[in-house]
Number of protein chains: 2
Amino acid sequence: MAFKTDIEIARAATKLPIQEIGAKLGISSDDLLPYGHDKAKVSQSFINSVQGNKNGKLVLVTAINPTPAGEGKTTTTVGLGDGLNRIGRKAAVCIREASLGPNFGMKGGAAGGGNAQVVPMEEMNLHFTGDFHAITSAHNLLSAMIDNHIYWGNELEIDTRRVVWRRVLDMNDRALRTITASLGGVANGFPREAGFDITVASEVMAILCLANNLEDLQKRLGDMIVAYRRDRTPIYARDIKADGAMTVLLKDAMQPNLVQTLENNPAFVHGGPFANIAHGCNSVIATTTALKLADFVVTEAGFGADLGAEKFLNIKCRKAGLAPSCVVVVATVRAMKMNGGVAKADLGAENVDAVKKGCPNLGRHIENVKSFGVPVVVAINHFVTDTDAEVQAVKDFVSEHGSEAILSRHWELGSEGSAELATRVAEIADADMANFAPIYPDDMSLFDKIDTIAKRIYRADEVLMDQKLRNQLKDWEAQGYGNLPVCMAKTQYSFTTDPERRGAPTGFSVPVREVRLSAGAGFVIAICGEIMTMPGLPRVPSAEAIKLNADGDVEGLF
Amino acid sequence: MAFKTDIEIARAATKLPIQEIGAKLGISSDDLLPYGHDKAKVSQSFINSVQGNKNGKLVLVTAINPTPAGEGKTTTTVGLGDGLNRIGRKAAVCIREASLGPNFGMKGGAAGGGNAQVVPMEEMNLHFTGDFHAITSAHNLLSAMIDNHIYWGNELEIDTRRVVWRRVLDMNDRALRTITASLGGVANGFPREAGFDITVASEVMAILCLANNLEDLQKRLGDMIVAYRRDRTPIYARDIKADGAMTVLLKDAMQPNLVQTLENNPAFVHGGPFANIAHGCNSVIATTTALKLADFVVTEAGFGADLGAEKFLNIKCRKAGLAPSCVVVVATVRAMKMNGGVAKADLGAENVDAVKKGCPNLGRHIENVKSFGVPVVVAINHFVTDTDAEVQAVKDFVSEHGSEAILSRHWELGSEGSAELATRVAEIADADMANFAPIYPDDMSLFDKIDTIAKRIYRADEVLMDQKLRNQLKDWEAQGYGNLPVCMAKTQYSFTTDPERRGAPTGFSVPVREVRLSAGAGFVIAICGEIMTMPGLPRVPSAEAIKLNADGDVEGLF
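Residues numbered from 1 in each chain as written. Chains lettered and ligands numbered in written order. Predicted model: local features only at pLDDT ≥ 70, side-chain atom pairs only at ≥ 80, totals over all residues. Heavy atoms only, no water.

S.K.: What is the right way to read the overall build of chain A from this model?
M.R.: For chain A, the count of helices and strands is 18 helices and 25 strands. The C-alpha atoms of chain A give 23 Å as radius of gyration, which agrees with the globular expectation for 558 residues (24 Å, within 12%). Taken along its principal axes, the extent of the C-alpha atoms in chain A is 70 × 55 × 50 Å. Across the 558 residues of chain A, 64% fall into the buried class. Within chain A, residue pairs in contact and separated by at least 24 positions form 74% of the contacts whose partners lie at least 6 positions apart. (Helix = DSSP H or I, 4+ residues; strand = E, 2+ residues; numbered from the N terminus. Rg over C-alpha atoms; globule rule 2.2 N^0.38 Å. Buried < 20%, exposed > 50% of the residue type's maximum accessible area, 1.4 Å probe, protein only. Contact = heavy atoms within 4.5 Å.)

S.K.: How do you make sense of the relation of the copies chain B and chain A when you look at a structure like this?
M.R.: Both copies of the chain are related by one operation, a rotation about an axis with a shift along it. When chain B is fitted to chain A, the residual RMSD is 0.0 Å, and the transformation amounts to a turn of 180° plus an axial shift of 0.0 Å. As the rotation angle and translation indicate, the two copies are arranged about a two-fold axis. Of all interface residues in chain B, 100% are interface residues in chain A too; the two copies therefore contact each other through one and the same surface. (Least-squares fit on C-alpha atoms with pLDDT ≥ 70 in both.)

S.K.: I would appreciate a short explanation of the packing of aromatic side chains in the present structure.
M.R.: The description of two aromatic rings rests on the distance between their centres and on the angle between their planes. Throughout the structure, instances matching the rule amount to 6 aromatic pairs over all chains. Consider the rings of Phe372 of chain A and Phe436 of chain A, whose centres lie 6.5 Å apart with planes at 15°: the pair is stacked. In this pair, Phe372 of chain A is assigned in the loop between helix H13 (352-370) and strand E17 (376-381) and Phe436 of chain A in the loop between helix H16 (415-430) and helix H17 (446-458), connecting sequence segments 64 residues apart. The class of Phe372 of chain A is buried, set by a relative accessible area of 3%. Judged by its relative accessible area of 18%, Phe436 of chain A is buried. When the ring centre of Tyr151 of chain B is taken as origin, the NZ or CZ atom of Arg174 of chain A, which lies over that ring, is 3.7 Å away. Directly above the ring of Phe495 of chain A sits Arg364 of chain A, whose terminal nitrogen or CZ lies 4.9 Å from the centroid. (Phe/Tyr/Trp six-rings, centres within 6.5 Å; stacked < 30°, edge-to-face > 60°. Lys NZ or Arg CZ within 6 Å of the ring centre and 35° of its normal.)

S.K.: Any chance you could explain the UniProt feature "binding site: ATP" (unreviewed entry) in chain A here in plain terms?
M.R.: All names here are of chain A. Residues given the UniProt feature "binding site: ATP" (unreviewed entry) here are Thr67, Pro68, Ala69, Gly70, Glu71, Gly72, Lys73 and Thr74. Residue position: Gly72 is located in the loop between strand E3 (57-63) and helix H4 (73-86). Gly72 has contacts with Val330 and Asn381, leaving out every residue within four places of it along the chain. Relative to the helices and strands, Lys73 resides in helix H4. Judged by its relative accessible area of 12%, Lys73 is buried. (UniProt positions renumbered as here; feature names shortened; annotations may be inferred.)

S.K.: Where do I start with the state of the cysteines in this structure?
M.R.: All names here are of chain B. Across all of its chains, the model carries 0 disulfides over all chains by this definition. Sulfur of Cys326: no disulfide; nearest cysteine sulfur belongs to Cys317 and is 13 Å away. Of all cysteine sulfurs, the one in Cys487 lies closest to Cys528, which takes part in no disulfide; the gap is 10 Å. Cys528 sits in the buried class, given a relative accessible area of 4%. (Disulfide = S-S within 2.5 Å.)

S.K.: Looking at this model, I keep getting lost on the interface of chain B and chain A. Mind explaining?
M.R.: Reports of interface size often rely on the accessible area that becomes lost once the parts have come together. Listed by partner, the interface residues are 62 residues for chain B and 62 residues for chain A. Taken over both partners, the interface formed by chain B and chain A buries close to 5500 Å², and the fraction arising from carbon and sulfur atoms is 66%. Of all residues in chain B, Trp152, Arg174 and Val248 of chain B bury the most surface against chain A, accounting for 11% of the area lost on that side. Summed over the shared surface of chain B and chain A, the result is 3 salt bridges. (Buried area = accessible area lost by both parts, 1.4 Å probe. Salt bridge = Lys/Arg side-chain N within 4 Å of Asp/Glu carboxyl O.)

S.K.: Would you take a moment to explain helix H4 (residues 73-86) of chain B for this structure?
M.R.: For an α-helix the count is 3.6 residues per turn, leaving residues at separations of three or four pointing the same way. All names here are of chain B. In a regular helix each residue adds 1.5 Å, so 14 residues correspond to 20 Å; H4 covers 20 Å between its end C-alpha atoms and thus fits that length. By the criterion of burial, H4 is predominantly enclosed, with 11 of the 14 residues buried. Two residues or fewer past H4, Gly88 is found with a positive phi of approximately 90°. (Expected span 1.5 Å × (residues − 1).)

S.K.: How should I be thinking about the confidence of the model for chain A in this particular structure?
M.R.: The predicted coordinates of low-pLDDT regions are not to be read in fine detail. Predicted confidence across chain A gives a mean pLDDT of 96, with 100% of residues reaching 70 or more. Model confidence for the complex: the whole-complex pTM is 0.97, and ipTM, which rates the interface, is 0.97. (pLDDT = per-residue confidence, 0-100.)

S.K.: Explain the sheet that holds strand E20 (residues 486-489) of chain A here, please?
M.R.: Working definition: the strands of a sheet are paired by backbone hydrogen bonds and lie parallel or antiparallel to each other. Residue and element names in this part refer to chain A. What the 3 strands build is an open sheet, ordered E20-E23-E22; its pairing is mixed. With one partner strand each, in any of the chains shown, E20 and strand E22 (514-518) form the two edges of the open sheet. Between one strand axis and the next, the sheet turns through 25° on average, direction left out of account. Two elements, E22 and strand E23 (residues 523-527), share 5 bridges in a ladder whose sense is antiparallel. For Glu514, the partnering residue across the bridge sits in E23 and is Ile527. (Pairing = 2+ DSSP bridges. Axes fitted to C-alpha atoms, helices over the stretch in contact; angles between N-to-C directions.)

S.K.: Before we go on, may I ask you to explain the pairing of strand E19 (residues 462-465) of chain B in this structure?
M.R.: All names here are of chain B. Across the two faces of E19 the burial differs, with Val463 and Met465 buried and Glu462 and Leu464 not buried at all. Here 4 bridges tie E19 to strand E21 (residues 509-512), and the two strands are oriented parallel to one another. Looking at E21, one finds that Val463 is bridged to Val510.

S.K.: Explain the domain arrangement of chain A here, please?
M.R.: Residues and elements named next belong to chain A. Under the domain assignment used here, chain A contains domain 1 (55-129 + 254-430), domain 2 (132-250) and domain 3 (446-528). Each of domain 1 and domain 2 has a C-alpha centre, and these two points are 34 Å apart. Opposite the 23 residues of domain 1 that make contact, domain 2 presents 19 residues. Here domain 1 and domain 2 share an interface that buries about 1700 Å² over both sides, 68% of which is from carbon and sulfur atoms. (Domains from an automatic or database assignment.)

S.K.: Please clarify how empty space enclosed by the protein should be interpreted in this entry.
M.R.: Over the atoms a probe the size of a water molecule is rolled, and this reveals where empty space is left. Applying the stated criterion to the full structure yields 5 cavities of 30 Å³ or more. His133, Thr136 and Leu169 of chain A together with Thr136 and Leu169 of chain B are, among the 14 residues lining the largest cavity, the residues nearest its centre. When its residues are assigned to classes, the lining of the largest cavity shows 4 nonpolar, 8 polar and 2 charged. (1 Å grid on protein atoms, 1.4 Å probe; cavity = no way out; pocket = protein on both sides within 12 Å on 5 of 7 lines; lining within 4 Å. Points joined across faces, edges and corners; volume = space filled by probe spheres on them. Nonpolar A, V, L, I, M, F, W, Y, C, P; charged D, E, K, R; others polar.)

S.K.: Can you walk me through the packing of helix H6 (residues 131-151) of chain B against helix H7 (residues 203-210) of chain B in this structure?
M.R.: How two helices sit against one another is set out by the angle between their axes and by the gap between those axes. Residue and element names in this part refer to chain B. It is at 9 Å that the axes of H6 and H7 come closest, and there the two elements cross at 125°. Between H6 and H7, the interaxial angle falls into the category oblique. Relative to H7, the crossing made by H6 is right-handed. Along the contact surface, H6 presents Phe132, Ile135 and His139, while H7 presents Val204, Met205 and Leu208. (Parallel < 35°, antiparallel > 145°, perpendicular 65-115°, else oblique. Left-handed = near helix turned anticlockwise from the far one by under 90°.)

S.K.: When you look at the pattern of salt bridges in this model, what are you seeing that I'm missing?
M.R.: Oppositely charged side chains can pair when the atoms bearing their charge come close. Within the structure shown, the criterion is met by 53 salt bridges over all chains. Linking Asp173 of chain A and Arg167 of chain B is a salt bridge whose minimum nitrogen-to-oxygen distance equals 2.8 Å. Pair noted here: Asp173 of chain A is in the loop between strand E7 (167-169) and strand E8 (179-181) and Arg167 of chain B is in strand E7 (residues 167-169), and the two residues belong to different chains. Owing to a relative accessible area of 1%, Asp173 of chain A belongs among the buried residues under this scheme. On the basis of relative accessibility, which here comes to 1%, the residue Arg167 of chain B falls in the buried class. In this structure, Asp159 of chain B and Arg162 of chain B form a salt bridge, with 2.6 Å as the shortest nitrogen-oxygen distance. Its relative accessible area of 6% is what places Asp159 of chain B among the buried residues. Members of the salt-bridge network, linked through shared partners, are Asp147, Arg167 and Arg192 of chain A together with Asp173 of chain B.

S.K.: What exactly am I supposed to notice about the environment of Glu544 of chain B here?
M.R.: Summarising the element assignment, Glu544 of chain B is placed in the loop between strand E23 (523-527) and strand E24 (547-548). Residue classification places Glu544 of chain B among the partly exposed positions, given a relative accessible area of 31%. Each C-alpha atom, one on Glu544 of chain B and one on Asp461 of chain B, is 47 Å from the other, the two residues being 83 residues apart in sequence. Those residues in contact with Glu544 of chain B that sit more than four places away from it in its chain are Met145, Ile240 and Lys241 of chain A together with Arg539 of chain B.

In structure tokens:
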């Protein structure tokens, strides 16, 4: 049996005009700002007008630790959304936007896969509605204003060695990681070391995704620390007087983007912060707006549940006052096998023992998510090579661990394949079984928050941290930042900091190498490994093969 | 009498839905790609479908050398377009897009002024439809691919000292003019000197504005020279295999943007190349599309007629096969006075003698434009302080020089004030009086082309150029670039290279300090003075005062 590729399916989709998608959520044409015929932003005035509406139920889709086998978290998010609509529940999907730059290194990604996708796929992998360009502009305006302030006399007494605000581009460009700027003589300023990150790593991105509204956005932008004086006192974006102009540059980007699934159900695609140095979820404004308009909102978080769900629950939900009614943990038979020690090349053969051996990874994620007080359903995202015995092995394991696993075939069949999952998720949500709470309180010390996550989520024996870093955390607590949540930056491939340790390892430590303060986004980052904030291009970038074909279609992007 | 500001007038405008504006030109809703409710792109498929249409008449609006008094060239372009529509002729306006970055240094510009404006003004000064962001992305993708090529082994043997392709940002950021890139160790590449220009200075911008279609765009992108080997042989963007992906990034940006005037007439706002190191006109595709849809297309060129009209006629018209039916030279009484030696502070008082003394600047522009074989009308753009005697002095001078001047009051009255000008322009265009030809042939040597412009347009005695530069021109001729037109980069304030020499000076030389080849755009640049390709911000950037007010309107941008 030959399957169509994701892009073939996406191009063959019968899209409805975006106004008809908006109408399903009660958004009139006037309240949609169209970008072409299949994309639109939801106007701020409309968002303001629905604040009195009752909230729908929130469902989070998360996953086991990612493996090269692929788990299909976004595919399941989309499939579950379509499934809920199929069974007569008004549902909207909320996912992240894609970054443009990396698509020119490796091939671009679909939003979902098979018959569970969001379209238009090409636009979502290119400029889309310009949100990331707006973030790039706002970020770099602040950068230019900082150097301009220094140039014209440096009244704020910025220590040019301690400018922590870098520049950004939405491009994989390793040559810009570390630069010397302001060279070329008096007219160009004071030479200093500088550098660029990729746009999704910008604190502006994290803020856009956490801000409740434009006023909150501007306040958070102003709160960002951009540099320090010689006496180590911080200088804020507000001191540079950049926060107002940055907000103006971001006012359109703050409005959530509406597109559609292959089954013409509404999908909000908005924001895309890194899942390591940031929290890795779509925007709060998209999620909260969707909750005002739909009975069910299905969203996802980056990476596996140890990073993505933990941050979604401890950072996004805490800060935005959200509480999921149900959490779906996506697993695949193939990924269970890889966690059980099978190489990618051998995944085609039935291997029930390996599935069983890999299941403890899933088991730990289930336990972890439950510890937030939310009910868990495991979605086994069906691959055509899965055997009944393998699927049953996963189901049995999950049952033994007090939860339930449902096979879902949305990739192959769309909502027809996800109706059973949707039905069970809706039952659980309707039963109001959740009693959500973050796993640490605001007033716990910053070190103890890190320690709590490492021990309760990763199951580490201890956190290793130099006294210098511990002192830094104490300094921030003294400055009033002690109530912030922590944002863990760790490999997504393992509960440990070693990407090779799959399964459910025990007997390890979590070394924290660096801590950073994102005072505007509102979290303290604990870095437990190499963090790449500006990727490079591979030897043969995918860009070399990307072109328009004779029909005007994009070739080589997927 | 209190006049409203441009932004007050623009905000009070009653805009029609962009679909209604498109309908005036026969563009259906399906063929318009909306960006919000008041902006749209005209689809490439629609453009393809109208290629068999008969062309309308093209009218160029140009001006005397700019002075701090302001001439109102765009205002007159918009006013004339509205005037033509008022007298029953189907007319469209074609102007350039604004660059975002500079608006955060000095206050942003209106598109026109008073009652002759194009709206929406705010969007046009911010992200608009994302064209400049797309150009930034395409440009920087090529930059990243060049350094990536060097990083992975440098198979093309690029001399890292001779990479001529820089990076761009749409931001005034002097700190990026000269940088050292690829610092930080082995993983970041080979350190080399690099730098950023502002996006409008990108050769990609010039190409987007000169390309006839997407195929031509890709060919020109491939033709760009990005670096040289040690043996001085050139390396093209095509060698880097970036041309296809750049075209994909630019495919939406190539579609012209449709907006409207205050009087709800169609206006194409598309492209915005520098008027010094590039040709300074809106896009060929917008102009040629408008000509297929309207009976009259009114467009403008950057700076005064010595630079703007010369390049419009010698570069854009030559390359795109365009020929204007009439050229309008905009003059103001105030600018005539400044050319006559009056300081800006003294412009309020009547001074007929100064007007007369300044008129020779206008006279020379009239002669110059006529030398291209096109009829000229002078539009006196009325200011409220102009006296009848002053206006009459300009009219008399123009009559004596065998042309005619018409007072136009579109700023104050909209199309009611420009109907007389429109009527006369339409008469001239209908009479088919033009016999347009560029003032130098393709096969003239590059030096002689520069010499021809300097002597026939500027009225210089001679061109001063080092032997080294003359040899460079000969090298390019030997390489097959001898048939290109030349693009002069000179001060816009004077016929000479000295910005202080107003009026109609004689007895001067034109020193050419540098020559550059834009092999993709298709011209050789002769630089006759300081060219700033990355502006800086002033001591108090306008960004400091830009913000959203309580109503959600942008404050401080204008």
